[in-house]
Amino acid sequence: YDGQPHQYNVTIIAIDHGKPPLSSSAILVVNIIDLNDNSPLLAVSDFQVSVLENTVLPVLVELNASDADSGVNADLVYILTGGNLGNRFAVSSSGVVSLNATLDREAVMNYSLTIEVRDTGRQQSVIPAVATIQVTVLDANDNSPVFSPASYSATIVDNSTVPATLFTVSASDADSGSNANVSFAITSGNSGSVFSVSPYSGVLQLVRPIPSTFQTYQLTITATDAGIPAHTSTASAVVAVSQRAYFDFLVTGSAYSLASSLPGSTHDFGFFVAPGGSRTGTVKASLGMFEAMQSFSIDRN
C-alpha cells in the first residue's frame, strides 16, 4: 500500500470459440486497504534545553513526527510517559511541549522527559517513536542571604589594643554562581567608625579606640548577594563596652582612702602598720562579672 497506487481497475474479457468468436468484458475495481504496518518516525528524537527558573515558556520543544500509513493509522498522539516531576510540563496534540508551571532550581535542577508518539490504528503491536528531552533549570536570583546565627554579641574593654577581632559573621545563599556570592557591610550603629567588617570573610574587628562615653554599640550588619537585582538581609550585633578600673590612693594625715574610676563600682581595701612607717595591704574591686585584686604599699616618708 505504501508508495503504491491505492486502486486498480482490471478489465476482464471473455471470448468463446465460435465462428466468428464472440466476447464480452467487465471491469474489476480493486481497492487496496491500508494495514497499520508502519511505526511513527520522529525527525529529531533527542533534545537538550535550558530554562530560566520562575519563567513560563509557551513553547519548549516542537516535536515533528510522521507515519507512512494513512487514515487513522497515520493519526498521531503524543503522550508524556516519564520524568514529569510535579506535573510541570505538558505536550499538546500537535507535539508542542510547554511548561505547566514555573520551575524552581533550588527544588529540582534537571528534568529528563520521555514522550511517546503513537498512531491510532487498531494494530497495537506497532512500536511507538520515543523522544527524550533533557531540561536544565538555570538559576535566577530569587533567594536572599541567610545569616547563621541570626544575631551576634561581644564584650570588649574600652582601652583594648587595635585592631582586635570580636567575631566572624556568616551567611549563605541558596542560589548558585554569582547569585550566591555574599559580601558584608556595617550599615548602621557604627558611631565613629570604630568597627569594620571584612566584606568577604565576615571578620568583625575593632579598628579605632572606643570613646569613653560609649557603653554599648548596636550594629546592623547587611549581607548582599552579587545577583541582579541584588538581594539583602540583615543581622544585629551588640558590642558591650567594659571600662577598665583605675584606682587612686589618697593619704590625709593618718587616714587612707581609695577612689575608683568606675561609677557604681565597689571596692574593699585594708592595710596594716609595718616597721618603718609604711602601709601595705590589698585592694579588691569589682564591676559586674569583672573583678581585680592588687597589692599595694605606701611609704609616708
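Above this note sits the structure.
Note that the structure is predicted; figures quoted are calculated from it, not measured.

(A) Spotlight on the overall build of the protein. Of the regular secondary structure elements, the protein holds zero helices and 25 strands. Taking all 301 residues of the protein together, 31% fall into the buried category. Counted over contacts in the protein with a minimum sequence separation of 6, partners at least 24 positions apart contribute 57%. For the protein, the exposed area adds up to about 17700 Å²; of that, 54% sits on carbon and sulfur atoms.

(B) A look at the nonpolar core. F147, F167, F184 and F195 are the most contacted members of the largest nonpolar core, which totals 25 residues. Those residues in contact with F147, other than ones at most four positions away along the chain, are Y152, V169, S170, A171, F184, I221, T222, A223, S233, T234 and A235. Core analysis: the second largest hydrophobic core is formed by 24 residues, L60, A65, I115 and A129 among them.

(C) Structural context of the pattern of salt bridges. Across all of its chains, the model carries three salt bridges by this definition. The partner of E106 in a salt bridge is R105, and the shortest N-O contact between them spans 3.2 Å. In the salt-bridge network here, residues are joined through shared partners; they are R105, E106 and D139.

(D) Inspection of the sheet that holds strand β18 (residues 203-206) at higher detail. Strand order across the open sheet formed by three strands is β14-β18-β17, with antiparallel pairing between neighbours. Because the sheet does not close on itself, it has two edges, and the strands there are β14 (164-168) and β17 (195-197). Going across the sheet, the axis of each strand differs from the next one's by a mean of 25°, ignoring polarity.

(E) Molecular detail of the side chain of D69. Inspection of the secondary structure assignment puts D69 in the loop between β6 (65-66) and β7 (76-82). This buried residue, D69, is left without a salt bridge; R118 holds the nearest opposite charge, at 13 Å. Polar contacts involving the side chain of D69 include one to the side chain of N38, which spans 2.8 Å.

(F) Looking closely at the sheet that holds strand β11 (residues 129-138). Read across the sheet, four strands follow the order β4-β11-β10-β7 without closing on themselves; strand pairing throughout is mixed. Every other strand in the sheet has two partners, leaving β4 (46-52) and β7 as the edge strands with one partner each. Adjacent strand axes in the sheet meet at a mean angle of 25°, parallel and antiparallel pairs treated alike. Taken together, the eight bridges between strand β10 (residues 110-119) and β11 define a ladder with antiparallel strand orientation. Bridge pairing in β11 links L113 to I133.

(G) Quick peek at the pairing of β18. Burial along β18 is one-sided: the residues L204 and L206 are buried and none of V203 and Q205 is. Bridge analysis of β14 against β18 gives four bridges, and the strand direction is antiparallel. Pairing of A164 across the sheet is with L206, part of β18. As judged from the three bridges shared by β17 and β18, these two strands associate in the antiparallel manner. By the bridge assignment for β18, S196 is matched with Q205. In sequence, β17 turns back onto β18 through a hairpin of five residues, with G202 there showing a positive phi of about 80°.

Reading the values: rules and limits
- Residues numbered from 1 in each chain as written.
- Predicted model: local features only at pLDDT ≥ 70, side-chain atom pairs only at ≥ 80, totals over all residues.
- Heavy atoms only, no water.
- Helix = DSSP H or I, 4+ residues; strand = E, 2+ residues; numbered from the N terminus.
- Buried < 20%, exposed > 50% of the residue type's maximum accessible area, 1.4 Å probe, protein only.
- Contact = heavy atoms within 4.5 Å.
- Areas by Shrake-Rupley, 256 points an atom, 1.4 Å probe, with all protein chains shown as cover.
- Core = buried A, V, L, I, M, F, W, Y, C linked by side-chain atoms within 4.5 Å.
- Salt bridge = Lys/Arg side-chain N within 4 Å of Asp/Glu carboxyl O.
- Pairing = 2+ DSSP bridges.
- Axes fitted to C-alpha atoms, helices over the stretch in contact; angles between N-to-C directions.
- Lys, Arg positive; Asp, Glu negative; His and termini not counted.
- Polar contact = N/O pair within 3.5 Å; in protein donor to acceptor, adjacent residues only side chain to side chain.

Read these as layout, nothing more, since geometry by itself doesn't imply function.
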